[in-house]
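# Coordinates in review
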Amino acid sequence: HLHCGYSKKAIEVAEDNGKFDARTSILVFPFIKDVEETFRDLNKCLNKNGYICFAVFNEQWVHEALKRNIDYVQPKNTSGIKRLVFDFGEGRKADVFHRSLSEYDEMLTGMGFKRLLEEYPVFPEKFITKIYPGIPKEVSEYMILGYQKN
């Protein structure tokens, strides 16, 4: 079964049509404040031995982008990268909640998952130079993680 959408709807679909073998997400979890609740919901929808695979912003890249005023705004009276504002341009902004690899591991292993994948793909130098000048070319913007339900 394939379903795209928010986690509560995924539970409804799973109840009506059976559970999923895998769930994927690209750059959604950083925009969800209570991502642990979302993972609990997704866990309910997965078959035994099911997979969750997702891409989130790489912490190292976020630090570099913040230093260079690229994409992120630091809210007043805050420090670090746990909560930032992502600037999409043209006045469009959204809160973004960064979590470390260890935070994702802790949440998901606590729910009975084991990590199978950790990748940091790097964009081609020509793309980085054009889109994000000043960001080190060897730093991946994304962290891709994959977990299997036990």
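Scroll up to find the structure.
Computed from a predicted structure; not experimentally measured.

## Description of the overall build of the chain
The number of helices and strands found in the chain is 5 helices and 7 strands. Sequence-ordered secondary structure for the chain, helices as α and strands as β, is α-β-α-β-α-β-β-β-α-β-α-β. A buried classification covers 44% of the 150 residues belonging to the chain. Within the chain, counting contacts between residues at least 6 apart in sequence, those at least 24 apart form 62% of the total. As presented, the chain carries roughly 8,700 Å² of accessible surface, and 51% of it is formed by carbon and sulfur atoms.

## Observations concerning the nonpolar core
For soluble globular proteins, the rule of thumb is that nonpolar side chains tend to be buried together. In this structure, Phe29, Phe39, Ile52, Phe54, Tyr104 and Tyr147 are the most contacted members of the largest nonpolar core, which totals 19 residues. Among all residues touching Tyr104, those that are not within four sequence positions of it are Phe29, Phe39, Phe54, Val56, Arg99, Met143, Leu145 and Tyr147.

## Quick look at helix 3 (residues 59-67)
One turn of the α-helix equals 3.6 residues, which is why residues spaced by three or four share an orientation. Residues of helix 3 that are buried: Trp61, Val62, Glu64, Ala65 and Leu66. Buried residues in helix 3 make contact with strand 2 (46-57), strand 3 (72-73) and strand 4 (83-89). Positive phi appears at Asn69, one or two residues downstream of helix 3, with a value of about 55°.

## Observations concerning the sheet that holds strand 5 (residues 92-97)
Across the sheet, 3 strands lie side by side as 3-4-5; this open sheet has antiparallel pairing. The open sheet is flanked by strand 3 and strand 5, the only strands paired with a single partner. Strand direction decides the pairing type here: strand 4 and strand 5, joined by 6 bridges, are antiparallel. Bridging from a neighbouring strand, Leu84 pairs with Val96 of strand 5.

## Remarks on the side chain of Asn43
The residue Asn43 is located in helix 2 (residues 35-45) in this model. Each residue touching Asn43, except ones within four places of it in the same chain, is listed here: Met111, Phe113 and Lys149.

## Notes on the pattern of salt bridges
Pairs can form between side chains of opposite charge once their charged atoms are near each other. With the rule as written, the count across this model stands at 7 salt bridges. One salt bridge connects Lys67 with Glu64, and the closest N-O pair in it is separated by 3.5 Å. In this pair, Lys67 and Glu64 both sit in helix 3, 3 residues apart, roughly one turn of the helix. Under the relative-accessibility criterion, Lys67 is labelled exposed at 61%. A relative accessible area of 14% places Glu64 in the buried class. We note a salt bridge from Arg83 to Asp95, for which the minimum N-O separation is 3.1 Å. Within this pair, whereas Arg83 is found in strand 4, its partner Asp95 is found in strand 5, the two being separated by 12 residues in sequence. Beyond isolated ion pairs, a larger network of salt bridges with shared partners links Glu64, Lys67 and Arg68.

## Description of unusual backbone geometry
The phi dihedral of Asn69 falls on the positive side, at around 55°, and the residue is not glycine. Looking at the secondary structure, you find Asn69 in the loop between helix 3 and strand 3. Positive phi values are uncommon outside glycine, yet Glu90 reaches one of about 55°. Tracing the sequence through the fold places Glu90 in the loop between strand 4 and strand 5. Assessed through its relative accessible area of 79%, Glu90 is described here as exposed.

What counts and how
Residues numbered from 1 in each chain as written. Predicted model: local features only at pLDDT ≥ 70, side-chain atom pairs only at ≥ 80, totals over all residues. Heavy atoms only, no water. Helix = DSSP H or I, 4+ residues; strand = E, 2+ residues; numbered from the N terminus. Buried < 20%, exposed > 50% of the residue type's maximum accessible area, 1.4 Å probe, protein only. Contact = heavy atoms within 4.5 Å. Areas by Shrake-Rupley, 256 points an atom, 1.4 Å probe, with all protein chains shown as cover. Core = buried A, V, L, I, M, F, W, Y, C linked by side-chain atoms within 4.5 Å. Pairing = 2+ DSSP bridges. Salt bridge = Lys/Arg side-chain N within 4 Å of Asp/Glu carboxyl O.

So yeah, pure geometry; function would need other evidence.
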